[in-house]
Amino acid sequence: HQKVSVLLGIAHPGFGFWIDMGGGKTLVALTLLRYWWDVGALRRALIFVTSDKAFLTWEKQIRRFGVGIPYMALEGSSEQKWRALNEFGEGLVLLTRPGAVAMVSDKVVVRQKGKKPRPHLRLTDKKVAALARWAGGVVWDESTREGNQGSLQWKLADRLRRHAHCRYALAGRPFGRDPTMLFPQYKLID
């Protein structure tokens, strides 16, 4: 099934790999990124993971399978992440969804009638455009997290996907009990 998945990912650069845990989703995604790198269609890619704990798993897989593409995990404050990103060059960038949203957002105070003013994050066009330069390819690990079109992380993913040559969603199951979560994931890869 991994060979078939790689062939599907080459034939359809926007694809959802909903393969059970332990079935090799990470290897499939890394093999596809390496393929696009080798044919010259990809120089930079963003890999969205659930938390900074997932960095270790992806880094281990990149080394284990000898992907041969430079990579880095974005950690620290937003300023530190931007600095690291600008110094990096070409390759794979691992980042968390909340960290990416914070990097490309500004805090604004929202006032609603009859409620106490509260700070919110709002995506900033200039920062999103700067991150989009890295979105030659995008992989969303545990893509069920992109199941809510109203969330900032989905809105960021939607804007980044427009710049990506290849877009891959990875999950063991494409949705929980609510099938409406499937459409936002399909929209990102289609």
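Each chain has its residues counted from 1, running along the sequence as written. Local features are withheld for residues below a pLDDT of 70 in this predicted model, meaning they are given only at 70 or higher, and side-chain atom pairs are given and counted only at 80 or more; totals for whole chains, interfaces and linings count all residues. Excluding hydrogens and water, the side-chain values take into account all heavy atoms of the structure.

## Looking at empty space enclosed by the protein
Okay, so step 1: Grid points spaced at 1 Å and placed over the protein atoms alone form the basis of the search, with a cavity being a set where a 1.4 Å probe fits but cannot get out and a pocket an open set showing protein on both sides within 12 Å along at least five of seven lines. Lining residues have an atom within 4 Å of a point. Grid points are joined across faces, edges and corners, and a volume is the space filled by probe spheres set on the points. In the structure shown here, the tally under the stated rule is two cavities of 30 Å³ or more.
Okay, so step 2: Within this model, the largest cavity holds a volume of roughly 40 Å³.
Okay, so step 3: Every residue lining the largest cavity is listed: V110, Q112, K115, K116, R118 and H120.
Okay, so step 4: Approximately 40 Å³ is the volume found for the second largest cavity.
Okay, so step 5: F48, R97, A100, V101, W140, E146, Q153, L156 and A157 together form the lining of the second largest cavity.
Okay, so step 6: Helix numbering and strand numbering both begin at the N terminus, where a helix is a DSSP run of H or I of at least 4 residues and a strand a DSSP run of E of at least 2. The set of elements that each furnish at least two residues to the lining of the second largest cavity consists of α5 (97-103) and α7 (152-161).
Okay, so step 7: Asp, Glu, Lys and Arg are counted as charged, while Ala, Val, Leu, Ile, Met, Phe, Trp, Tyr, Cys and Pro are counted as nonpolar; the rest, among them Gly, fall into the polar class. Residues belonging to the lining of the second largest cavity are distributed by class as follows: six nonpolar, one polar and two charged.

## Describing the pattern of salt bridges
Okay, so step 1: The working definition used for a salt bridge is a side-chain nitrogen of Lys or Arg within 4 Å of a carboxyl oxygen of Asp or Glu. Considering all chains together, one arrives at seven salt bridges under this definition.
Okay, so step 2: Close ionic contact of E146 with R97 constitutes a salt bridge, the shortest N to O distance being 2.6 Å. One end of the pair, E146, is in the loop between β7 (137-141) and α7; the other, R97, is in helix α5, and 49 residues separate them in sequence. Of the two residues, E146 and R97, neither departs from the other in class, the shared state being buried.
Okay, so step 3: Connected through salt bridges with shared partners, the residues D158, R161 and R162 form a single ionic network. Think of it in three bands: residues with accessible area under 20% of the maximum for their type are buried, residues over 50% are exposed, and the middle band is partly exposed, with areas taken using a 1.4 Å probe on protein chains only.

## Quick notes on the packing of helix α1 (residues 2-11) against helix α2 (residues 25-38)
Okay, so step 1: For helices, the fitted line uses only the C-alpha atoms of the stretch in contact; every axis is such a line through C-alpha atoms, and the angle between N-to-C directions lies from 0 to 180 degrees. Contact geometry for α1 and α2: axes closest at 9 Å, N-to-C directions at 40 degrees. Of the possible angle classes, the one that applies to α1 and α2 is oblique. Crossing hand, α1 versus α2: right-handed. Taken together, the residues of α2 that come into contact with α1 (itself represented by Q2, S5, V6, G9 and I10) are L27, V28, T31, L32, Y35 and W36.
Okay, so step 2: Its residues assigned to classes, the contact of α1 with α2 comprises seven nonpolar, four polar and no charged. Orientation categories follow fixed angle ranges, with anything under 35 degrees roughly parallel, anything over 145 roughly antiparallel, 65 to 115 roughly perpendicular, and all other angles oblique. For any pair of crossing helices, the crossing counts as left-handed if the nearer helix is rotated counterclockwise from the farther one by less than a right angle, and right-handed if it is rotated clockwise. Any two residues having at least one pair of non-hydrogen atoms within 4.5 Å are treated as being in contact.

## Notes on the sheet that holds strand β1 (residues 14-18)
Okay, so step 1: In short, DSSP must find at least two bridges between two strands for them to pair. Taken together, six strands build an open sheet; the order of strands is β1-β8-β7-β2-β4-β3 and the sheet is parallel. Looking along the sheet, the strands with just one partner apiece sit at the ends: β1 and β3 (71-73). Taken over all neighbouring pairs, the strand axes of this sheet differ in orientation by 15 degrees on average, direction set aside.
Okay, so step 2: Both β1 and strand β8 (residues 166-171) contribute to a ladder of five bridges, which runs parallel. Each bridged residue has a counterpart across the sheet, and for W18 the counterpart in β8 is A171.

## Some details on the packing of aromatic side chains
Okay, so step 1: Here a pair means two rings of Phe, Tyr or Trp (six-membered ring of Trp) with centres within 6.5 Å. Their orientation is stacked below 30 degrees between planes, edge-to-face above 60, and tilted elsewhere. Inspection of every chain in the model, using the stated rule, returns five aromatic pairs.
Okay, so step 2: Taken together, a centroid distance of 5.7 Å and an interplanar angle of 45 degrees make the contact between F17 and Y168 tilted. With F17 in strand β1 and Y168 in strand β8, the pair connects residues that are 151 residues apart, well separated along the chain. The residues F17 and Y168 share a single accessibility class, namely buried.
Okay, so step 3: Site record: aromatic cluster; members linked through ring pairs are F15, F17 and Y168.
Okay, so step 4: Here, a charge over a ring means that NZ of Lys or CZ of Arg falls within 6 Å of the ring centre while also lying within 35 degrees of the ring normal. Over the ring of W37 we find R43; its NZ or CZ atom is 3.8 Å from the centre of that ring.
Okay, so step 5: Positioned above the aromatic ring of W134 is the side chain of R44, whose terminal nitrogen or guanidinium carbon lies 4.2 Å from the ring centre.

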